[in-house]
Amino acid sequence: FADVEETLKRIQSQKGVQGVIIVNSEGIPIKTTLDNTSTVQYAGLIQQLVLMARSTVRELDPQNDLTFLRVRSKKNEIMIAPDKDYFLIVIQNPSA
Amino acid sequence: RLLSDLFLTKKSELNRNGATNTVGLEFISHGMNHVEGGWPKDIDHENMEQTIRFRKKAGKNEAYISSILQLGSVMELCIRQNNAIDKYEQYFEDEEEEEENHNAPYAKTMNVLRDPHQVKRTVTSLSWSPDRGRKLAAAYSSVVFQQTSQLSTDSYIWDIEKPSIPEMVLKPPSPLVCLEYNPRVSYTLMGGCYNGQVAYWDTRRGCQTVAYSSVEHSHKDPVYKVIWLQSKTGTDAFSASTDGQVLWWDVRKLSEPTERLILDLSKEGNLGGALGGISLEFEITMPTKFMVGTEEGLIISCNRKAKTPAEKIVCTYDGHRGSVYAVQRNPFLPKNFLTVGDWCARIWSEDIKESSIINTKNGVSELMDACWSPVRPSVFFTVKMNGVLDIWDILFNQSDPTLSVKVCDGGLYSIRVEENGRLVACGSEKGEATLLEISSGLSVPQKNEKSLMFERETKREKILMGRQREIRLKERCRSEQSREEEVVREDGEESPQELLARAEKDFYSMVEVELKRRRKGKDLIEV
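Residues numbered from 1 in each chain as written. Chains lettered and ligands numbered in written order. Predicted model: local features only at pLDDT ≥ 70, side-chain atom pairs only at ≥ 80, totals over all residues. Heavy atoms only, no water.

A.B. asks: Hey, could you run me through the overall build of chain A in this one?
C.D. replies: Helix and strand content of chain A: 2 helices and 5 strands. When the elements of chain A are put in sequence order from the N terminus, they spell out α-β-β-α-β-β-β. Expressed as a percentage of the 96 residues in chain A, the buried residues total 47%. A separation of at least 24 residues holds for 37% of the contacts in chain A among residues at least 6 apart in sequence. (Helix = DSSP H or I, 4+ residues; strand = E, 2+ residues; numbered from the N terminus. Buried < 20%, exposed > 50% of the residue type's maximum accessible area, 1.4 Å probe, protein only. Contact = heavy atoms within 4.5 Å.)

Next up, the structure:
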């Protein structure tokens, strides 16, 4: 439990990180550093994106699987690390 | 779903070498309501305590801890990568791309805005909204004489990004023949109706007209053109119609026009003998002057500030063999104006009243509308009854259009260029407004254009003036010889012999000047 906290703290303290969210497979945000509305929005939208990305990768090659997803936008980068039951979302603005 | 995806991929393989024709899709954009979901049934997500407890419990889950630790390390790596080097850096951001002007000019159709009604009406007028042209107002009416009331009276404002459905419907008392955005107040519009009334809209207030003029005091014929004037209150406009009148309006009180001018050349204000106005011209830099193009082919130049109505009509230009459908001054060189009618387009210089300084060759079909490019002084656009849009660049080629594009099958009735010079909208008789994007070669201003135009124009003018003088001289001589008796000779008028002598002197001096110039030129080259 403490390790999880430490990991998250370490991630948060990296340069440019704007927010960290942990979402479970049902789309419920377990841990978040952003406000509730944004969290709910990110969780809902990103879950759909991850499902699509994962199914794309698996269709192209059924032996393959999604390991990481990065969405680069003008203002920041959303990084998603998916797992079987959870996914970790980090929003970072590297030039900030 | 997986199965259908597979099927689609197979199908696309088959079609790889062919083209597919897609059916138009209609898109409607609307917002999405995000609601929290996924919570197990026994937990009410509004209840803070329950959610916090759930979260704490989830946090203690074994699987959770292990997966987060693993994900965390992966994530950290990527974050550090981002911080170490900006992969997406834009190199050479400040350098501009080299202009590739060697490509042929093109006009690409971006979108076609179709009349949603079953019975299609002609797009008789178009107007871009002044706030960088995100919207296009189009007036729809029937130009066929007495085609009756099965036609809807609606006209539309389109958002050019959403071509499937108009942004706003305007409901005038009778179909609109012309429609203009107020260039200063971007949410107000003025339209002229088929029955002679003018109507005023405020888009903030919805689609019904805010006000319209009373039938008794309006025009008795369709209002073919309405233009907003430059005034402090931003509420003045004027309109022209084939009933022979030009009326000025203040939109705050549309029940009566504020001023009236009858296009009677005999200057008697006789409505019966008046010419029918079918196009208007007004340039903000010259607020007291305006020009009216008439059905009879004449262009009348008027001065609004003249004291008596007789003096308001300053002069006329004998333009075309048919209705003058458009008159517009060149935005860079306001002394020159463009007119279209019958089968050609003519460019005039204000001072030379006898004839135009440049004419295009007579085309195959009638020209219905024209306008100058707002960014390039030498470029103008014309549309024809055979559905062709011509783009002319008179510094490049004066005998033929630089680019000719067949926009649609029916006739094109109206054209408007957007302020940035890149987008052109043209309206057809089948109710389609086509938006085209012009290549940069025709829409990016070149460096010395304005001065080049000016040089050639002034030289041309001088030559023409000289020629006019000759013609006048010849005529006067002829009339002198045929009539022995002089009726009244005004003071200062020269006798024919004196005229001849002066003309000869002028001619020789002109030739000498030219020779001297050539010699000087040769000397310079030799040196």
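A.B. asks: In this structure, what is going on with the layout of surface pockets? I would like to understand it.
C.D. replies: Rolled over the atoms, a probe as big as a water molecule pinpoints where empty space is left. All names here are of chain B. A volume near 630 Å³ is recorded for the second largest pocket. Taken together, 20 residues make up the lining of the second largest pocket; nearest its centre are Gly466, Arg469, Glu470, Ala503 and Met510. Per-element tally for the lining of the second largest pocket: the top contributor is helix α6 (residues 449–482), with 12 residues. Classifying every residue of the lining of the second largest pocket gives 8 nonpolar, 1 polar and 11 charged. (1 Å grid on protein atoms, 1.4 Å probe; cavity = no way out; pocket = protein on both sides within 12 Å on 5 of 7 lines; lining within 4 Å. Points joined across faces, edges and corners; volume = space filled by probe spheres on them. Nonpolar A, V, L, I, M, F, W, Y, C, P; charged D, E, K, R; others polar.)

A.B. asks: I tried to follow the sheet that holds strand β13 (residues 259–262) of chain B on my own but got confused; where do I start?
C.D. replies: The pairing of strands in a sheet happens through backbone hydrogen bonds and is either parallel or antiparallel. Residues and elements named next belong to chain B. Overall, antiparallel pairing links the 4 strands, which are arranged β10-β11-β12-β13 in an open sheet. Edge positions in the open sheet fall to β10 (223–228) and β13, since each of these has one partner strand only. Neighbouring strand axes in the sheet, compared pairwise and without regard to direction, differ in orientation by 15° on average. By the bridge criterion, 5 bridges tie β10 to strand β11 (residues 236–241) in an arrangement that is antiparallel. Within β11, the residue paired with valine 223 across the bridge is serine 241. (Pairing = 2+ DSSP bridges. Axes fitted to C-alpha atoms, helices over the stretch in contact; angles between N-to-C directions.)

A.B. asks: Please clarify how the state of the cysteines should be interpreted in this entry.
C.D. replies: Here a disulfide denotes a covalent bond joining the sulfur atom of one cysteine to the sulfur atom of another. Residue and element names in this part refer to chain B. Throughout the structure, instances matching the rule amount to 0 disulfides over all chains. No disulfide involves cysteine 302; its nearest neighbouring cysteine sulfur is the one of cysteine 315, lying 8.5 Å away. Taking relative accessible area as the criterion, cysteine 302 reaches 1% and is therefore assigned buried. (Disulfide = S-S within 2.5 Å.)

A.B. asks: So what exactly am I meant to see when it comes to the interface of chain B and chain A here?
C.D. replies: Frequently, the measure chosen for interface size is the accessible area removed from exposure when the parts meet. Contacts between the two partners involve 37 residues from chain B, matched on the other side by 39 residues from chain A. Summed over both sides, the interface of chain B with chain A buries roughly 3,400 Å², with 63% coming from carbon and sulfur. Summed over the shared surface of chain B and chain A, the result is 1 salt bridge. Here arginine 10 of chain A makes a salt bridge to glutamate 76 of chain B, at a shortest N to O gap of 2.9 Å. On inspection of chain B and its partner chain A, the count reaches 8 residue pairs in polar contact (both at pLDDT 80 or more). When residues of the side of chain B that touches chain A are traced back to their parent elements, those giving at least two are α1 (2–14), α2 (48–60) and α3 (62–84) of chain B. When residues of the side of chain B that touches chain A are assigned to their parent elements, the largest contribution, 18 residues, is made by α3 of chain B. When the residues that make up the side of chain B that touches chain A are grouped by side-chain class, the tally is 18 nonpolar, 11 polar and 8 charged. (Buried area = accessible area lost by both parts, 1.4 Å probe. Salt bridge = Lys/Arg side-chain N within 4 Å of Asp/Glu carboxyl O. Polar contact = N/O pair within 3.5 Å; in protein donor to acceptor, adjacent residues only side chain to side chain.)

A.B. asks: Explanation requested: the pairing of strand β25 (residues 403–406) of chain B in the structure shown.
C.D. replies: Residue and element names in this part refer to chain B. Side chains Leu403 and Val405 project from β25 onto a buried face, and the interleaved Ser404 and Lys406 project onto a face without burial. Pairing of strand β24 (residues 388–393) with β25, which is carried by 4 bridges, proceeds in the antiparallel orientation. Each residue of the ladder has a partner; that of aspartate 390, found in β25, is serine 404.

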